[in-house]
Amino acid sequence: MRFALILVGLLMLPQAPAFAQEASASETRCWVGNITFSAGMAISAGDGTAVCKAGSGWTKAEAATPVAGCLLEGKLSSAGAIVGIRNNDSLLLQCDAGGRWVTIDTAAQS
């Protein structure tokens, strides 16, 4: 009986590293500055969109992939957020649905 338990334990041993590798790949984190993203999250990157893929990090995403929001000065804002521009009272920035900041005129907001 003891021999059977040892044999079963030895047979399972080679599979243990495979389980550990699978778990670490699914826990991939992608970084932009000090912000971390989980696998599946997408952000605007250059002239396209990048998505955090488990096991491989940032990869180019399809054009219609929804994004998490917009990054500005190390902070993430959701789509639709409006922030002020330093030293400019007449313009604001708004995070569009594509993850890009666009300027809006404060006079148009009144």
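Residues numbered from 1 in each chain as written. Predicted model: local features only at pLDDT ≥ 70, side-chain atom pairs only at ≥ 80, totals over all residues. Heavy atoms only, no water.

**Q** For the sheet that holds strand S8 (residues 82–85), give the residues involved together with the corresponding values.
**A** In a beta sheet, neighbouring strands pair by backbone hydrogen bonds and run either parallel or antiparallel. Strand order in the open sheet formed by three strands is S8-S9-S10, and the pairing between neighbours is antiparallel. Two strands bound the open sheet, and with one partner strand each, they are S8 and strand S10 (101–105). With strand direction ignored, the average angle separating the axes of adjacent strands in the sheet is 35 degrees. (Pairing = 2+ DSSP bridges. Helix = DSSP H or I, 4+ residues; strand = E, 2+ residues; numbered from the N terminus. Axes fitted to C-alpha atoms, helices over the stretch in contact; angles between N-to-C directions.)

**Q** Residue-level account of unusual backbone geometry, with values.
**A** The phi dihedral of Glu-73 falls on the positive side, at around 50 degrees, and the residue is not glycine. Relative to the elements of secondary structure, Glu-73 occurs in the loop between strand S6 (70–72) and strand S7 (75–77). Even without a glycine there, the phi angle at Asn-87 is positive, about 60 degrees. The exposed category is assigned to Asn-87, whose relative accessible area is 85%. (Buried < 20%, exposed > 50% of the residue type's maximum accessible area, 1.4 Å probe, protein only.)

**Q** Run through the environment of Ser-77, naming residues and quoting values.
**A** Take Ser-77: it is sitting in strand S7. For Ser-77, a relative accessible area of 18% gives the class buried. Separated by 18 residues in sequence, Ser-77 and Cys-95 place their C-alpha atoms 7.3 Å apart.

**Q** Talk me through the pattern of salt bridges; I want residue IDs and the actual numbers.
**A** Inspection of the entire model under this criterion finds one salt bridge. Across the pair Glu-73 and Arg-86 runs a salt bridge, and its minimum N-O distance is 2.7 Å. Of the two residues, Glu-73 sits in the loop between S6 and S7 while Arg-86 sits in the loop between S8 and strand S9 (88–95), which places them 13 residues apart along the sequence. For the pair shown, Glu-73 and Arg-86 are each scored as exposed. (Salt bridge = Lys/Arg side-chain N within 4 Å of Asp/Glu carboxyl O.)

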